[in-house]
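The residues making up each chain are set out below.
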Amino acid sequence: MIENKSKHAALIKAEALRLGFMSCGISKADFLEVEAPRLERWLNKQMHGQMSYMENHFDKRLDPRLLVEGAKSVVSLTLNYYPEETQIEDSYKISKYAYGEDYHYVIKDKLKELLYFIQSEIGDVDGRVFVDSAPVLDKAWAAKSGLGWVGKNNNLINRKNGSFFFIAELIIDLDLETDGPTTDHCGTCTKCIDACPTGAIESPYIVNGSKCISYLTIELRDDIPTEFANKLDDWMFGCDVCQDICPWNRFAKPHNEPRFIPNNELMRLEKREWRELTKETFSEIFKKSAIKRTKYDGLLRNMKFLAD
């Protein structure tokens, strides 16, 4: 039985790498005891802003067995999105993760392939795939599986690859050999805290989501509060400041996922051209992009706030 758990885990990890995932780790599907009080405190302090969905399904966020009946293992995976090139200097900035095709579609396709492989090679295995769109604490599971540690900027960081990667999960009813967590290597470094333009990293490991530029430019539906005037550092969609400044990202290497290759037009748009962007051009350039989340009107709102 133990031999099977080990063999099946090795088989799944090998296939994950073949499908293009950067890393794969496994944890026992169990209640997240350490994360429960942390999440409760964070919500009670209203650090989620208008992200009311964070309040929903509290128990499911902490126990994968409530998401998948009979769940025994959480298979965590990472997928690199670090780009070969970045936008031109004279441009409103978008987060690197949004340069290419919407990662939800790209990763979900790979996860479905992986689940199909497991069912074909191992047998009657039931499970679900998760990509940032269900109540799953992906960073907590990835950290438990040894894929990195949750840094002071609340991103998962890996010593070999930095933090420019997506995290996804397969929760399955197959008992697998598990991996242990790694150790924290942030040390005394406070570069991310010092660099955050809005002071969203209020203390090490505590990020006030309602102050984060990613929240302000994507999740927030109201006008951006005037207290953040001149603090968004030309970020129009998302923000990479706390990752760009992180010393571990000197090890980040460009991805090799064709679907993440950016639209050339997008990479060369100047501020003036962004401001002149029509709804039709927006729909054309960002047809398959995560940028559609903020919608055309949201993008205009962000640019106007930056220009004022």
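Under the annotation held in an unreviewed UniProt entry, the protein carries the name Epoxyqueuosine reductase and is attributed to Myroides phaeus. The Pathway (unreviewed entry) field of the UniProt record for the protein holds the comment "tRNA modification; tRNA-queuosine biosynthesis."

Another aspect to go through is the side chain of Ser-76. Tracing the sequence through the fold places Ser-76 in strand S2 (residues 73-80). Judged by its relative accessible area of 0%, Ser-76 falls in the buried class. The residues touching Ser-76, leaving out its near neighbours within four places in the chain, are Ser-23, Cys-24, Gly-25, Trp-141, Ala-142, Ser-145, Leu-147, Ala-168 and Glu-169.

On to the pattern of salt bridges. This model, assessed by the stated rule, comprises 17 salt bridges. Ionic pairing is found between Arg-259 and Asp-109, a salt bridge with its closest N-O pair at 3.0 Å. In this pair, Arg-259 is assigned in the loop between helix H8 (241-244) and helix H9 (264-268) and Asp-109 in helix H4 (residues 103-121), connecting sequence segments 150 residues apart. We note a salt bridge from Asp-234 to Lys-271, for which the minimum N-O separation is 2.8 Å. In this pair, Asp-234 sits in the loop between helix H7 (213-219) and strand S10 (235-237) while Lys-271 sits in helix H10 (residues 271-275), placing the two residues 37 residues apart along the sequence. A single network of salt bridges, built from pairs that share partners, joins Asp-30, Asp-63 and Arg-65.

The rules behind these values
Residues numbered from 1 in each chain as written. Predicted model: local features only at pLDDT ≥ 70, side-chain atom pairs only at ≥ 80, totals over all residues. Heavy atoms only, no water. UniProt positions renumbered as here; feature names shortened; annotations may be inferred. Helix = DSSP H or I, 4+ residues; strand = E, 2+ residues; numbered from the N terminus. Buried < 20%, exposed > 50% of the residue type's maximum accessible area, 1.4 Å probe, protein only. Contact = heavy atoms within 4.5 Å. Salt bridge = Lys/Arg side-chain N within 4 Å of Asp/Glu carboxyl O.

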